[in-house]
Amino acid sequence: MQTSINKTKFSIIQNINIIKKSKNKSKIFLSILISLLIVLIVAKPNLCINSIYNGLSVWAKCVVPSLLPFMFFTRLLTNLNFISKLTSKTYKLNKFLFNAPKISSYIFLMSIISGYPIGAKLISEYHKMGIITTKQANKLCTFCSTSGPLFIIGSVGTALLLSAKLGYIMLISHIFGSVLNGILYRKFYIDKTEIFFENNDESKDILQNSMKDSILSVLVVGGYIAIAFLVIDLFNNLEILSPLNFVFEKLLNLFGIEGASSAVSSGILEVSKGAVMLSKLNLSLLSKGVIASFLIGFGGISVFLQGATFLTSAKVNMKFYLLQKLTHGILSAVICFVLCVIFKIT
């Protein structure tokens, strides 16, 4: 018996050491990458200044107008205890489709209306309040992490791709993709705990606190977008993304799409950058719509990091979060293709 216990202890210690070594290697790699980026920033100051400027311009024109008001008003709704009144009407449907808690109805609605990263932010807030568990936080990420209509229809569809009709098709594809994604993962992270929240805080500082919180969150998003634009331009300048471009080129060729690999690679890192590059390509609206739907559904690494900023406190499994964002992108692209064929978008 003692020998068996000693073997078990030795095995556990070995596993802990392997995990520590893996984490150390990741930190070393990350440190080298960051050091390289710092050197590149010093070596190419003009490129860096232009990249940051372009990123902040996209943030100011496309993100702030749609994100700030929704962040502010959703925060007010939370403080005014609007949640229980809204979610009580959709509880059964929500439970049937997603096997998720009652609060998810509200988070899903706000995420669809507001866009990234409202869903992740609300999940984090309600986890901190004790309204949802860690399992439920993971569950909600599968269908409550979406882009918003102003970005999809206004920024991408109308302004970049010059087709409001395609914008509406991409929005419908995005929403239905999110619903199907939630259904796909409905048997994951099941927790039947239901916690009802009553906020009796009548503080006169509700308006001020809501505004401060919203502005800080929007600034965090802007920072990620600006840095993502910088990294993409540096990588493209040094052709670091060439292997990734090659892979996407081969993959896109299978669907008869040529010349879009660089836009897809950039969009994988930052969706706004990818959409801008995609709009400049000589492709059919159908191809642009399908690719844009995938990129918006996936969100890009920038959106992933924005979400992670909020979701880390809820102990969300980041590998699972990344996986379900990928499947959301794929589902949205497939639905977009079908709708484009039906509505004769070519």
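Residues numbered from 1 in each chain as written. Predicted model: local features only at pLDDT ≥ 70, side-chain atom pairs only at ≥ 80, totals over all residues. Heavy atoms only, no water.

### Describing the pattern of salt bridges
Here is step 1 of the chain: Following the criterion strictly, the structure yields three salt bridges and no others.
Here is step 2 of the chain: The closest approach of N and O atoms between Glu125 and Lys121, which form a salt bridge, is 2.5 Å. Here Glu125 pairs with Lys121, and both are found in helix α6 (residues 118-128), just four residues apart, close to one helical turn.
Here is step 3 of the chain: Here Asp233 makes a salt bridge to Lys273, at a shortest N to O gap of 3.0 Å. Of the two residues, Asp233 sits in helix α10 (residues 206-237) while Lys273 sits in helix α13 (residues 271-279), which places them 40 residues apart along the sequence. Summarising the burial analysis for this pair, Asp233 and Lys273 share the class buried.
Here is step 4 of the chain: Members of the salt-bridge network, linked through shared partners, are Lys121, Glu125 and Asp213. (Salt bridge = Lys/Arg side-chain N within 4 Å of Asp/Glu carboxyl O. Helix = DSSP H or I, 4+ residues; strand = E, 2+ residues; numbered from the N terminus. Buried < 20%, exposed > 50% of the residue type's maximum accessible area, 1.4 Å probe, protein only.)

### Comments concerning the side chain of Glu125
Here is step 1 of the chain: What makes Glu125 buried here is its relative accessible area of 10%.
Here is step 2 of the chain: Within polar-contact distance, the side chain of Glu125 engages the side chain of Lys121 at 2.5 Å.
Here is step 3 of the chain: Excluding anything up to four places from it in sequence, Glu125 contacts Arg75 and Asp213. (Polar contact = N/O pair within 3.5 Å; in protein donor to acceptor, adjacent residues only side chain to side chain. Contact = heavy atoms within 4.5 Å.)

### Thoughts on a nonpolar patch on the surface
Here is step 1 of the chain: Nonpolar side chains collect at one region of the surface, where Leu326, Ile330, Val334, Phe337, Val338, Val341, Ile342 and Phe343 lie side by side and expose about 720 Å² of accessible area between them.
Here is step 2 of the chain: Looking at the element boundaries, Val338 is found in helix α16 (residues 318-342).
Here is step 3 of the chain: Residue Val338 is classed as partly exposed on the basis of its relative accessible area, which comes to 41%. (Patch = residues over 30% accessible without salt bridge, like charges linked within 9 Å, V, L, I, M, F, W, Y side chains within 5 Å. Areas by Shrake-Rupley, 256 points an atom, 1.4 Å probe, with all protein chains shown as cover.)

### A short note on the environment of Asn317
Here is step 1 of the chain: For Asn317, the location among the structural elements is in the loop between α15 (300-311) and α16.
Here is step 2 of the chain: Classification of Asn317 by relative accessible area gives partly exposed; the value is 33%.
Here is step 3 of the chain: Spatially, the C-alpha atom of Asn317 lies 9.9 Å from that of Cys141, the residues being 176 residues apart in sequence.
Here is step 4 of the chain: Not counting residues up to four positions away in its chain, the partners in contact with Asn317 are Asn138 and Tyr189.
Here is step 5 of the chain: In terms of polar contacts, Asn317 uses its side chain to reach the backbone amide nitrogen of Lys319, at 3.0 Å.

### Brief notes about the nonpolar core
Here is step 1 of the chain: Counting 36 residues, the largest nonpolar core has Ile107, Ile123, Tyr126, Ile132 and Leu140 as the members making the most contacts within it.
Here is step 2 of the chain: Breaking this core down by element, the ones donating at least two residues are α2 (45-79), α5 (104-114), α6, α7 (134-140), α10 and α15. (Core = buried A, V, L, I, M, F, W, Y, C linked by side-chain atoms within 4.5 Å.)

### Remarks on the packing of helix α11 (residues 242-253) against helix α12 (residues 261-269)
Here is step 1 of the chain: Running from N to C, α11 and α12 point in directions that differ by 120°, and their axes come no closer than 8 Å. Classified by the angle between their axes, α11 and α12 sit oblique to one another. In this structure, the crossing between α11 and α12 has a hand that is right-handed. Side by side, α11 and α12 meet where Leu244, Asn245, Phe248, Glu249 and Leu252 of the first sit next to Ser261, Ser262, Val264, Ser265 and Ile268 of the second. (Axes fitted to C-alpha atoms, helices over the stretch in contact; angles between N-to-C directions. Parallel < 35°, antiparallel > 145°, perpendicular 65-115°, else oblique. Left-handed = near helix turned anticlockwise from the far one by under 90°.)

### Examining α10
Here is step 1 of the chain: Given a rise of 1.5 Å per residue, 32 residues ought to cover 46 Å, and the 47 Å separating the end C-alpha atoms of α10 matches this to within 8%.
Here is step 2 of the chain: Remark: Glu239 follows α10 within two positions and exhibits a positive phi of approximately 60°. (Expected span 1.5 Å × (residues − 1).)

### Some details on the packing of aromatic side chains
Here is step 1 of the chain: Scanning all chains against the criterion turns up 11 aromatic pairs.
Here is step 2 of the chain: Seen from their ring centres, Phe304 and Tyr321 are 5.4 Å apart, and the 25° between their planes marks the pair as stacked. Of this pair, Phe304 sits in helix α15 while Tyr321 sits in helix α16; the two residues are 17 residues apart in sequence, bridging distant segments of the chain.
Here is step 3 of the chain: Pairwise contacts between aromatic rings join Tyr185, Phe188, Tyr189 and Phe320 into one cluster. (Phe/Tyr/Trp six-rings, centres within 6.5 Å; stacked < 30°, edge-to-face > 60°.)

### Points about the packing of α10 against α12
Helix packing geometry: the angle between the two helix axes and the distance between the axes.
Here is step 1 of the chain: Interhelical geometry of α10 versus α12 gives an angle of 145° and a closest axis separation of 9 Å. Between α10 and α12 lies a crossing of right-handed hand. Contacts from Ala228, Ile232 and Asn236 of α10 reach α12 at Ser262, Ser266 and Leu269.
Here is step 2 of the chain: Broken down by class, the residue content of the contact of α10 with α12 amounts to three nonpolar, three polar and no charged. (Nonpolar A, V, L, I, M, F, W, Y, C, P; charged D, E, K, R; others polar.)

### Remarks on unusual backbone geometry
Here is step 1 of the chain: The omega torsion across Tyr116 and Pro117 is -10°, close enough to zero to call that bond cis.
Here is step 2 of the chain: Tracing the backbone through its elements, the reader meets Pro117 in the loop between α5 and α6.
Here is step 3 of the chain: Notably, Tyr189 is not glycine yet its phi reads approximately 50°, a positive angle.
Here is step 4 of the chain: Within the secondary structure, Tyr189 sits in the loop between α9 (164-184) and α10.
Here is step 5 of the chain: On the basis of relative accessibility, which here comes to 25%, the residue Tyr189 falls in the partly exposed class.
Here is step 6 of the chain: Unusually for a residue other than glycine, Lys344 sits at a positive phi of about 55°.
Here is step 7 of the chain: With respect to the element layout, Lys344 can be found in the segment after α16.
Here is step 8 of the chain: Note on Lys344: relative accessible area 72%, which makes it exposed.

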